[in-house]
Structures are given as structure tokens and as C-alpha cells.
Amino acid sequence: MTSAFDPHRAREDFPALQQSVNGMPLAYLDNAATSQKPRAVLDVMDAYYEHDNANVHRGIHELSRRATEAYEAARVKAARWINAASADEIVWTRGTTEAINLVAASWGLDNIGPGDEILLSVLEHHSNIVPWQILAARTGATIRYIELDDQGRLLLDDLPRLLGERTKIVAISHVSNALGTVNPLHEIIPAAKAAGAVVLVDGAQGAVHSSVDVQTLGADFYAFSGHKMCGPTGIGVLWGRRDMLERMSPYQGGGEMIHIVGRDASSWAAVPHKFEAGTPNIAGAIGLGAAIDYLDTIGMDAIVRHEHELMAYAMERLRAVPGIRIFGPESLEERSAVVSFTMGDAHPHDISTILDAHGVAVRAGHHCAQLVMKHFGVPATARASFYLYSTREDVDRLFAGLDEVRAIFG
Ligand code: PLP
């Protein structure tokens, strides 16, 4: 299937991409924020609500049985997506943010104390900074950072100095949403492990654009969001090594996560249910399962190849735009399907507004990565990000819009 992949054909699967915006066909280049959803996902979610809607794991009746079966089948698909050893290692969360908060609150409060160190990088999304700051404030731990070079790559030469016996956890992104930098996890994880640290990978931008194999990665936790990979919002995954999850305290209490409830104390359900208090996002999980099925029919190899070719085309054209400043690694091998840029005196919000008038959707702002913006001395950038249904025509439309930005701002 891979050699026959055609993004124009894939586009037809996405109803939202068929519309015009401001009188122009939509060129949706804000995929790092969220992806569009294929008809296959929308249909599966509709069918669930129309035919099978019931609470999971609770009813003996037919609808509850069907809902539970579909919900747990989606967990098996999510496990397969990252090659987890077992579906029991897949904890459903609202997304990457909640997955990281879960680890910080549960594993963190049980294992971090005064004087301990939490190692992050300057490249992180706020979701992989703020939960650790909250934990540090509660426990007296210290946060340290891996710094960046002028291409937004991690300065790994500092690792031996930053990693020590006080380092209890290294929490690092797989791919930067602000710059597209692909972090060399194969170097960071073994170094962190050799120092005795636990490793959490923020895979919000990783599991979307590359094949992830958590069994060979060597980390303890991997988090990702369904909505960035053709699934619905409000569903994501925390993968944790089974022995880690089993040793951890629950994150929230309520229905579903208990074994026996007494007046003064209770005991917990087995993993992953121990971490899934309350009625879960059943339709969301089933929708994410359908998204994984959809992506499987295309194949990650085809998606990666397509994105790489499109990025090569976009970068070549971008580099030729007068007054442009491009952020992130120069080498395409070190970057994902994201490009952040500024243009002369034009504020990124103005760039985005002008592009919107051309029907081109890009993100402008700090991209929830204020430490990255500070590193480069800018308040914001404009960011174009691509996915399997992005085309050369989308890229050409971006450049037509940028011509107008240049005409206005010089
Ligand atoms: N980490 C990275 C690298 C991201 O790009 C994002 C979302 O943009 C997140 C974490 C947070 O993901 P969510 O908002 O789906 O929880």
C-alpha cells in the first residue's frame, strides 16, 4: 500500500478538509495542534452512540457488553500502536497532559523528596514542565534543564553533568511541537537509566509521525494524545511499564478503580483500571481505536515518507523567502513535520491573520513552549505543521499568502 499512497486521495476521507475558508479551499497546516478526523472515525463514534451507548464494565446487559467490548478492543489497538507488551499497560487519559499529571501526582508524590532532581529540557511543552513544577513545589525537589543549541537541539554534552544520583526522573519530549526537533531518545534514555532515573517520554508529537516501540525504547512511561493522530479530543494514553504501574498509587478515586470499598479504606482494581476512576471517555477510546485502524491501512512508512518529501519541498521554498527566519534543526533528519518561522517585522499573529484570509490555517504564538521562545529571544513564531493529507498545493498556498505578508510588511 505504501508505494501507492496519494495524499489527495487521503484528503477525501476528511470531511472538514472539503470546505472553503474565506472563499478559498482550506489549507489546514495546524496539525501539530490537532489533526482533522476521517469519516471512518466519525462514523464509528456515531454508530457507538446510536446503537451501543452504555456504561462499561458495569452492566450485564447487551449494550453494556457491546460498549465494554469495543472500549477494551480499542485498548488493544492502542497497545499495538506503540508495541506495548500488554493492553494492561495502556491507561486511558484525557490526553498527554493528563498522562503526565498522572505520573507527576502518583509516582511523583510517592518517590520524590527534598533535594531530589527532576531533569527536563528547555524544549518541553508546558504540559511537560508545569506538572513537575507543581510536584517540586510540594516536595522540595529541584528542576534542572537540558539546554538548547542555536538550532534548537538538546545540548547532550551536558548530560553527564546534569545526571546524578539525585536525578529521580528525566521527562523529555520525543518531538518538539514548537520546532519539530526530534530528540535522540536512543542516547538520552540509556544515559538516564545508567544514572538510575525513571524516564517519561512526552510522545504527543512522536506517536503521530513515527513508529514507536516502547519495548525497545527503554523508557518507563510514554504519553500521547488521540486528537493529534486522527482521533477525537479528550482521549489519550499513558503507557507505563507494568511493574511501575502496579507499584504506583491511584491518581483519582471513584467508581471503576476500586476492588473493595470499606468505611475507612478501600483496595484498588488491577492496572490499568486502578488509574481510571469514573465513567471514562468510551466513545473517545473507540474513536481512537478507529483512528488507529485508519492509520494502519495507510501505514506509518508511507506517512513518514510523504511528510519527509513535503517538508523537503516546504523548507526549500521557505529558505528562499526574503526576511524569513526559520527556527529548529537545519537537517531534515533531525526534524519532524513542523516548521516555525518569523518574517521581518511582521508579528506572527499578523502572519496568521493574513494567511487565514487565504484559507491557510497556521498557528501563531508561543505554542505552549515559552522557554523555547525565550531561548530564541522572540515572543512568538508562526508555525506550519503537516500531516498525511497535506499536499504540495497546501504548501504553495502558504507561499502565496507569505507573498502578501511581504508585500504589506516589506
Ligand atoms: N506535549 C507536546 C509536545 C504537545 O505538542 C502537546 C500538544 O500540543 C502536549 C504535550 C499536550 O497535549 P494535549 O493538549 O493533547 O494533552
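Conventions we followed
- Residues numbered from 1 in each chain as written.
- Predicted model: local features only at pLDDT ≥ 70, side-chain atom pairs only at ≥ 80, totals over all residues.
- Heavy atoms only, no water.
- Domains from an automatic or database assignment.
- Contact = heavy atoms within 4.5 Å.
- Buried area = accessible area lost by both parts, 1.4 Å probe.
- Salt bridge = Lys/Arg side-chain N within 4 Å of Asp/Glu carboxyl O.
- Polar contact = N/O pair within 3.5 Å; in protein donor to acceptor, adjacent residues only side chain to side chain.
- Pairing = 2+ DSSP bridges.
- Helix = DSSP H or I, 4+ residues; strand = E, 2+ residues; numbered from the N terminus.
- Axes fitted to C-alpha atoms, helices over the stretch in contact; angles between N-to-C directions.
- Expected span 1.5 Å × (residues − 1).
- Buried < 20%, exposed > 50% of the residue type's maximum accessible area, 1.4 Å probe, protein only.
- Arc of directions from axis to C-beta.
- Near = heavy atom within 4 Å.
- Areas by Shrake-Rupley, 256 points an atom, 1.4 Å probe, with all protein chains shown as cover.
- 1 Å grid on protein atoms, 1.4 Å probe; cavity = no way out; pocket = protein on both sides within 12 Å on 5 of 7 lines; lining within 4 Å.
- Sits in = over half its atoms within 2 Å of the grid points.
- Nonpolar A, V, L, I, M, F, W, Y, C, P; charged D, E, K, R; others polar.
- Points joined across faces, edges and corners; volume = space filled by probe spheres on them.

K.L.:
Got a sec to walk through the domain arrangement of the protein? Specific residues and values, please.
P.N.:
Once the domains are mapped, the protein shows domain 1 (7–30 + 299–405) and domain 2 (43–296). One C-alpha centre belongs to domain 1, the other to domain 2, and the line joining them spans 28 Å. Listed per partner, the contact involves 33 residues of domain 1 and 32 residues of domain 2. Of the roughly 2500 Å² buried between domain 1 and domain 2, counting both surfaces, carbon and sulfur atoms make up 59%. Among the residues domain 1 hides against domain 2, the three largest losses belong to Met300, Leu371 and Tyr387. Together they make up 22% of the total. On inspection of domain 1 and its partner domain 2, the count reaches one salt bridge. When the shortest N-O distance is used, the salt bridge between arginine 153 and glutamate 334 registers 3.3 Å. Scanning the region where domain 1 abuts domain 2 turns up 16 residue pairs in polar contact (both at pLDDT 80 or more).

K.L.:
Residues and numbers for the sheet that holds strand E17 (residues 381–385), please.
P.N.:
If you walk across this open sheet you meet the four strands as E13-E14-E17-E16, and the pairing is antiparallel. Two strands lie at the open edges of the sheet, namely strand E13 (324–327) and strand E16 (363–365), each paired on one side alone. Within this sheet the neighbouring strands show an average axis-to-axis angle of 30°, counted without direction. In this sheet, E17 lies alongside strand E14 (residues 338–343) in antiparallel orientation, the contact comprising four bridges. Considered in E17, the bridge of phenylalanine 341 is made with alanine 382. Sheet strands in contact with helix H13 (residues 348–357) are E14, E16 and E17, and its direction is about 160° off that of E16.

K.L.:
Kindly report on helix H3 (residues 62–81), identifying the contributing residues and their values.
P.N.:
Residue pairs spaced three or four apart in an α-helix point in one direction, given the helix's 3.6 residues per turn. Compared with an ideal rise of 1.5 Å per residue, which puts 20 residues at 28 Å, H3 spans 29 Å between its outermost C-alpha atoms and is within 8% of the ideal. Those residues of H3 that fall on the buried side of the exposure criterion are Ser64, Ala67, Thr68, Tyr71, Ala74, Arg75, Ala78, Ala79 and Trp81. Along the long axis of H3, the arc covered by the buried residues comes to 160°, so they all point the same way. Phi turns positive, to about 55°, at asparagine 83, one or two residues after H3.

K.L.:
Go over the site of the ligand with me, naming the residues and quoting the values.
P.N.:
Inspection of the region around the ligand gives 14 residues, with Thr97, Asp202, Ser225, His227 and Lys228 positioned closest. A distance of 3.4 Å separates an oxygen atom of the ligand from a polar backbone atom of threonine 96. Between the ligand and histidine 227, the relevant distance is 2.7 Å, taken from an oxygen atom to a side-chain nitrogen or oxygen of the residue. Expressed as a share of its isolated accessible area of 390 Å², the protein-covered part of the ligand is 86%. Of the pockets mapped on this structure, the ligand occupies the second largest pocket. Here the shell around the ligand is composed, by residue class, of three nonpolar, nine polar and two charged.

K.L.:
Which residues make up the layout of surface pockets, and what are the values?
P.N.:
Within this model, the largest pocket holds a volume of roughly 430 Å³. Taken together, 25 residues make up the lining of the largest pocket; nearest its centre are Val182, His209, Ser210, Val304 and Arg335. Of all the elements in the fold, those that place two or more residues in the lining of the largest pocket are helix H7 (185–194), helix H8 (206–209), helix H9 (214–217) and helix H12 (300–319). With four residues, the single largest contributor to the lining of the largest pocket is H12. Across the lining of the largest pocket, the residue classes tally to 10 nonpolar, 11 polar and four charged.

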